[in-house]
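# Remarks on the overall topology
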Amino acid sequence: MESRSLRYFVAVAEERNFTRAAQRLGIAGPALSRAIQALEADLGVRLFERTTRRVEVTEPGAVLLAGARPALEALDAAVRRAVRAAAPDGRLLLAVKADADGGLLEDILAAVSAEPDAEPVAVRLCGWGEHIGLLRSGEADAALMFAPRDRAGIDTDVVAVEPHVAALPARHALAASRRVRLADLGVGFDEVDDQAERAIDEQGVHDLAQLLTLVGLGEATTVVPRSVAAAYPRPAVAYVPIEDCPPATLVIAWPENSRSRGVAALVRAATAVASARGMAGSPDPPATRPRRAGRR
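Please read these numbers as outputs of a predicted model, since none were measured by experiment. (Residues numbered from 1 in each chain as written. Predicted model: local features only at pLDDT ≥ 70, side-chain atom pairs only at ≥ 80, totals over all residues. Heavy atoms only, no water.)

On to the pairing of strand β10 (residues 248-255). The two faces of the sheet receive side chains in turn, since in a regular strand these alternate between them. For β10, a buried count of 8 out of 8 residues is recorded, marking the element as mostly surrounded by other parts of the structure. Both faces of β10 are covered, namely the face carrying Ala248, Leu250, Ile252 and Trp254 and the face carrying Thr249, Val251, Ala253 and Pro255. In this structure, strand β5 (residues 142-146) lies alongside β10, joined through 4 bridges in antiparallel fashion. Within β10, the position partnered with Ala143 by the bridge is Ala253. Relative to β10, strand β6 (residues 154-162) is paired through 8 bridges, and the arrangement is antiparallel. Bridging across to β10, Asp155 finds its partner in Trp254. (Buried < 20%, exposed > 50% of the residue type's maximum accessible area, 1.4 Å probe, protein only. Helix = DSSP H or I, 4+ residues; strand = E, 2+ residues; numbered from the N terminus. Pairing = 2+ DSSP bridges.)

Along helix α5 (residues 105-112), the residues classified as buried are Leu105, Ile108 and Val112. Each buried residue of α5 lies within a common arc of 60 degrees when the element is viewed along its axis, so the set occupies one face. Looking at α5, the residues exposed on the side facing more than 90 degrees away from the buried face are Glu106 and Ala110. Buried positions along α5 lie against β3 (92-97), β4 (121-126), β5 and α11 (261-276). (Arc of directions from axis to C-beta. Contact = heavy atoms within 4.5 Å.)

Moving on, we come to the pattern of salt bridges. Considering all chains together, one arrives at 14 salt bridges under this definition. With a closest N to O distance of 3.8 Å, Glu191 and Arg198 form a salt bridge. You can call Glu191 partly exposed: its relative accessible area is 30%. The class of Arg198 is partly exposed, set by a relative accessible area of 28%. Here the residues in one salt-bridge network are Glu14, Glu15, Arg20, Arg24 and Arg69, joined through shared partners. (Salt bridge = Lys/Arg side-chain N within 4 Å of Asp/Glu carboxyl O.)

Our focus in this paragraph is the packing of aromatic side chains. Counted under the stated rule, the structure contains 2 aromatic pairs. Ring plane angle 45 degrees and centroid distance 5.4 Å describe the contact between Phe9 and Phe48, whose orientation is recorded as tilted. Here the residue Phe9 occupies a position in helix α1 (residues 3-15), and Phe48 occupies one in strand β1 (residues 48-50), the gap between them amounting to 39 residues. Take Phe9 and Phe48: they sit in the same class, and that class is buried. On the basis of relative accessible area, Phe48 is assigned to the buried category, the value being 0%. Taken together, the ring pairs in this structure connect Phe9, Phe18 and Phe48 into an aromatic cluster. (Phe/Tyr/Trp six-rings, centres within 6.5 Å; stacked < 30°, edge-to-face > 60°.)

Written as structure tokens, this is what we have:
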């Protein structure tokens, strides 16, 4: 089966309309209709129920759609990585959000060149929560980030473990406390890892720096890893230890199907740097490291 047929199918399934799907794909409507009919004939199943008003995906079509999307995404990602690998100045791309690297990025970049099979590494700066999308799309080979909830298609290795702290307005009643509890902040134990991201969405801002500006203005509170607090010292914001909070886990992540020896070298450098700093830990089960056989 050609990937083009799957792309046509996904476009129709998402648009629920052949005319809009054809416009999206840049092809003629009759050609798209014939292609879908040919795909249905090849598979021996009806993928769509068609009426004069709309197009509905059948149950077999829904099954195909669930598998076709990640398959096409993986294919596009592989193409992007292949093109980058063939470039004369090809380098591994490490996705990092500024000031959310545990304070380890510079040391990791300095250490990786000493690792066997090391390859040149370039930093791909990204926004809050963008790391996983860059890995899945092939726009990054690895990511240094705080542990994500959604790890589908991604492997990780723990780099460092550090405490969370509460970010409070300096005039907050708890700002002068030696420590606080999660209940004081109205944060549940299982909400800690994505609390800052949720607060960013709720406040309608774009990143942590903007959120902390709102904290300083007395319009928000949040929970952040201690290293992030160190990167954002602000007179209007008080950072207070939380006594009953699970730690923040900094990980290095990569696509689970990676065969890159360069990525493996980068992972080793990251964990070695954290160990030397006394920050290493393993609160989660250890993940599988990148497979050593083959290249990108």
